[in-house]
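# Structural features, examined
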Amino acid sequence: MFLQNRLSSWIAGVRRQIALPLRIELWNGQQIDFSQEAPRVTIRLPRASAARFLLTPSLAKLGGAYVEGDIEVRGRAKDMIAIVNALARASLKTEGKFARVARNFGHSRGHDAEAVRYHYDVSNEFYQQFLDPAMVYSCAYFETGNEDLATAQRDKIDHILRKVELRPGQRLLDIGCGWGALLLRAAERYGARGVGVTLSQNQYELARQRVRQAGLEHLVEIRLQDYRDVRGEFDRITSVGMFEHVGRRQLPAYFAGIGKLLAPDGLALNHGITSTDPDNGATPYGGGDFIDKYVFPRGELAHLGQVLKAMQQGALEVYDVENLRRHYARTCAIWSDNFEANAERVRALAGDKRFRIWHVYLAGCSYAFRHDLISLYQVVCGKAGRDPANLPWSRRYMYPADPAAAALSPPPPA
């Protein structure tokens, strides 16, 4: 009775603050609506003890209860995420344990490899259910916002390769190469010689298979290797959607390592998610706790300011910075829609629990990017101290006058 009274008081308090298209179904069959609008999300509490998840509805607590099957939630993922965030804002203070606290973890080689395998080695077929055919698992680039996902991902790769001014015959290192899409494009369209490294066994095997099928083994090498073990000199280095695994304290060493591998006149590009909190805090209301437990173990987000400082500490000079937050919000929204469209197949591949994790994770990421809780930056850099006469006067070279024609034409000669 005490718990039910507390729940009734909480419901009344939320209703006074906000109207939501939400229905709560209690264990005794009672239904409570939070507005006159037809509910788009229903939360069912199968037993009285489940009420505790609503009394302090952090993203970690409610998300964990949904994942573990302690509560049932019905509705579109984007509606679920919007309503849970609204409940958190109405019930919790963005301070104390619900604040944007910086997350710090140890990052040994063993821990990093384990975290990568946990996230990426679900199965290649699982990722195929929501990614584009090239399986590019990072922020796409939308020239107009109307492109389909496959086009936007191809354009993202071309945007990156133009930014680093890739030329035929140059040696390219792709750190965290995923399933190899960037390296394949670099070899096919630009005639570059590429090396890609990943710690995911599944990515390694499929990327190698794709290289063989494309007949590009003479240009592209895929390695199952830690980026810290790479040796040699490269004209161009890309790191796309990988540095979130590095750890904030390790960023100066990470960028120093890139600098050591980079040719004197080389260019590097880092593409990664950042915190929008100047103090490097995770997303509020426990979102970071949920992601660390269920999605990205030991992942850490640095503010852009720390990223730029770490690059300078690593003896790199920043040449160009571009914010792609809007692009990642759309990318994640498309992934979420694809995931739900293939829900039956995803559930069969991954099981109920992992299905629920990713159901809320993808929509949650789109929400976080849309609301400026996290961001995405591409940063171009080179060795510090270069003669500025070798640098371009403007950014015009990154943007062809006719993007459609540029996608079909060869790059300019060296």
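Residues numbered from 1 in each chain as written. Predicted model: local features only at pLDDT ≥ 70, side-chain atom pairs only at ≥ 80, totals over all residues. Heavy atoms only, no water.

### Observations concerning the nonpolar core
Basically, it comes down to this: Among buried residues, the Ala, Val, Leu, Ile, Met, Phe, Trp, Tyr and Cys ones that are joined through side-chain atoms within 4.5 Å form a nonpolar core. Exposure categories follow from relative accessible area, calculated using a 1.4 Å probe and restricted to protein chains: below 20% of the type maximum is buried, above 50% is exposed, and the middle band is partly exposed. Secondary structure follows DSSP: runs of H or I at least 4 residues long count as helices, runs of E at least 2 residues long count as strands, and numbering of each begins at the N terminus. Whether two residues are in contact is decided by their heavy atoms, any of which lying within 4.5 Å being enough.
Counting 80 residues, the largest nonpolar core has Trp10, Leu45, Ile71, Tyr127, Phe130, Tyr137 and Trp358 as its most contacted members. For this core, the leading source of residues is helix H14 (residues 343-370), giving 14 residues. Excluding residues that lie within four positions of it along the chain, Tyr137 makes contacts with His119, Tyr120, Tyr127, Phe130, Leu131, Trp179, Trp335, Trp358 and Tyr361.

### Observations regarding the side chain of Arg236
For the record, the criterion: When charges are counted, neither His nor the chain ends are considered; positive counts come from Lys and Arg and negative counts from Asp and Glu. Counted as salt bridges are all cases of a side-chain nitrogen of Lys or Arg within 4 Å of a carboxyl oxygen of Asp or Glu. In the analysis that follows, any N or O atom pair within 3.5 Å is treated as a polar contact, provided that within protein one partner can donate a hydrogen and the other can accept it, and provided that, for residues neighboring in sequence, both atoms belong to side chains.
With respect to the helices and strands, the residue Arg236 is situated in strand E8 (residues 234-240). Glu165 is the oppositely charged side chain nearest to the buried, salt-bridge-free Arg236, at an N-O distance of 5.5 Å. A polar contact is formed between the side chain of Arg236 and the backbone oxygen of Val164, at a distance of 2.3 Å. Setting aside residues no more than four positions away along its own chain, Arg236 makes contact with Val164, Glu165, Leu166, Gln170, Arg171, Leu172, Leu173, Leu262, Asp265, Gly266 and Leu267.

### A look at the pattern of salt bridges
Applying the stated criterion across every chain yields a total of 18 salt bridges. For Lys353, the salt bridge is made with Glu68, and the minimal N-O distance between the two is 3.2 Å. One end of the pair, Lys353, is in helix H14; the other, Glu68, is in helix H3 (residues 59-68), and 285 residues separate them in sequence. Overlapping salt bridges bring together Glu37, Arg40 and Asp79 as one network.

### Some details on the sheet that holds strand E7 (residues 220-224)
As a reminder, the rule being used: Between any two strands, at least two bridges found by DSSP are needed for them to pair. Angles run from 0 to 180 degrees between N-to-C directions of axes, and those axes are lines fitted to C-alpha atoms, restricted for helices to the stretch in contact.
Read from one edge of the open sheet, seven strands run E7-E6-E5-E8-E9-E11-E10, paired in mixed fashion. Looking at strand neighbours, the two that pair on one side only are E7 and strand E10 (316-323), the edges of this open sheet. Direction aside, neighbouring strands of the sheet carry axes that sit 15° apart on average. Here five bridges tie strand E5 (residues 171-175) to strand E6 (residues 193-198), and the two strands are oriented parallel to one another. Residue pairing in the sheet places Asp174 in a bridge with Gly196 of E6. The strands that helix H8 (residues 181-190) touches are E5, E6, E7 and E8; relative to E5, the one it contacts most, it runs at about 165°.

### What to know about H8
Counting buried positions along H8 gives nine out of 10 residues, so the element sits mostly inside the fold. Those residues of H8 that fall on the buried side of the exposure criterion are Ala181, Leu182, Leu183, Leu184, Arg185, Ala186, Ala187, Arg189 and Tyr190. Downstream of H8 by one or two residues, Gly191 has phi in the positive range, about 70°.

### Details of the sheet that holds strand E3 (residues 41-44)
Read from one edge to the other, the open sheet built from four strands follows the order E2-E1-E3-E4, with strand pairing classed as mixed. At either margin of the open sheet sits one strand with a lone partner, and together these are strand E2 (31-33) and strand E4 (72-74). Strand-to-strand twist of the sheet, defined as the mean angle between neighbouring strand axes without regard to direction, takes the value 15°. Sheet topology note: the strand E1 (residues 22-25)/E2 ladder contains three bridges and is antiparallel. Residue pairing for E2: Glu25 is matched across the bridge by Gln31. Across the sheet, helix H4 (residues 77-91) touches E1, E3 and E4, and the angle it forms with E3 is around 65°.

### Some remarks on the packing of H4 against H14
Put simply, the rule is: Here the angle decides the label: under 35 degrees means roughly parallel, over 145 means roughly antiparallel, 65 to 115 means roughly perpendicular, and every other value means oblique. Each crossing is labelled by how the near helix is turned from the far one, with a counterclockwise turn of less than a right angle marking it left-handed and a clockwise turn marking it right-handed. Note on residue categories: nonpolar means Ala, Val, Leu, Ile, Met, Phe, Trp, Tyr, Cys or Pro, charged means Asp, Glu, Lys or Arg, and polar means any other residue, Gly included.
One can describe the packing of H4 onto H14 by two numbers: an axis separation of 8 Å at closest approach and a directional angle of 65°. Judged on the interaxial angle alone, H14 and H4 are roughly perpendicular. In this structure, H4 crosses over H14, and the sense of that crossing is right-handed. Along its contact with H4, which presents Ala77, Lys78, Met80, Ile81, Ala82, Asn85 and Arg89, the element H14 presents His359, Val360, Ala363, Gly364 and Tyr367. For the contact of H4 with H14, the class distribution of residues is seven nonpolar, three polar and two charged.

### Notes on the packing of aromatic side chains
Basically, it comes down to this: The pairing test for Phe, Tyr and Trp rings, Trp by its six-membered ring, is centres within 6.5 Å, and the orientation test on the planes gives stacked under 30 degrees, edge-to-face over 60, and tilted for anything in between. Here, a charge over a ring is recorded when the distance from Lys NZ or Arg CZ to the ring centre is within 6 Å and its angle to the ring normal is within 35 degrees.
Evaluation of the coordinates by the stated rule reveals 22 aromatic pairs. One Lys or Arg, Arg330, reaches over the ring of Phe142 and ends 5.3 Å from the middle of that ring. Geometry around Phe355 places Arg347 over its ring, the cationic atom sitting 3.9 Å from the centre.

### Quick word on the environment of Arg76
Of note, Arg76 is situated in the loop between E4 and H4. Residues Arg76 and Val41, 35 residues apart in the sequence, show an inter-C-alpha distance of 7.4 Å. Once residues within four sequence positions are removed from consideration, Arg76 is found in contact with Arg40, Asp337 and Glu340.

### Side note on the pairing of strand E9 (residues 262-275)
Quick reminder of the rule: Orient the strands so they point away from the viewer, and a crossover whose first-strand-to-second-strand path over the helix runs clockwise is right-handed.
Taking burial as the measure, the 14 residues of E9 include 12 buried ones, the bulk of the element. Relative to E9, E8 runs parallel, the two sharing six bridges. Along E9, the bridge assignment pairs Ser239 with Asn270. In this view, the connection linking E8 to its parallel neighbour E9 by way of helix H10 (residues 251-261) has right-handed handedness. Examined bridge by bridge, E9 and strand E11 (residues 374-383) share eight bridges and lie antiparallel to one another. Across the sheet, Ser275 pairs through a bridge with Ile374, a residue of E11.

### Details of the packing of H3 against helix H11 (residues 287-294)
Here H3 crosses H11 at 35°, and the two axes come no closer than 7 Å. Contacts between H3 and H11 involve Leu59, Ala60, Gly63, Gly64, Val67 and Glu68 from the former and Gly287, Asp289, Phe290 and Tyr294 from the latter.

### Here's the deal with helix H9 (residues 201-213)
The criterion, for reference: One less than the residue count of a helix, multiplied by 1.5 Å, gives the span that helix is expected to have.
For H9, spanning 13 residues, the distance from its first C-alpha to its last is 18 Å, which sits close to the expected 18 Å at 1.5 Å a residue. Every buried residue of H9 is listed here: Asn202, Gln203, Tyr204, Leu206, Ala207, Arg210 and Val211. After H9 finishes, the residue Gly215 shows a positive phi value of roughly 65°.

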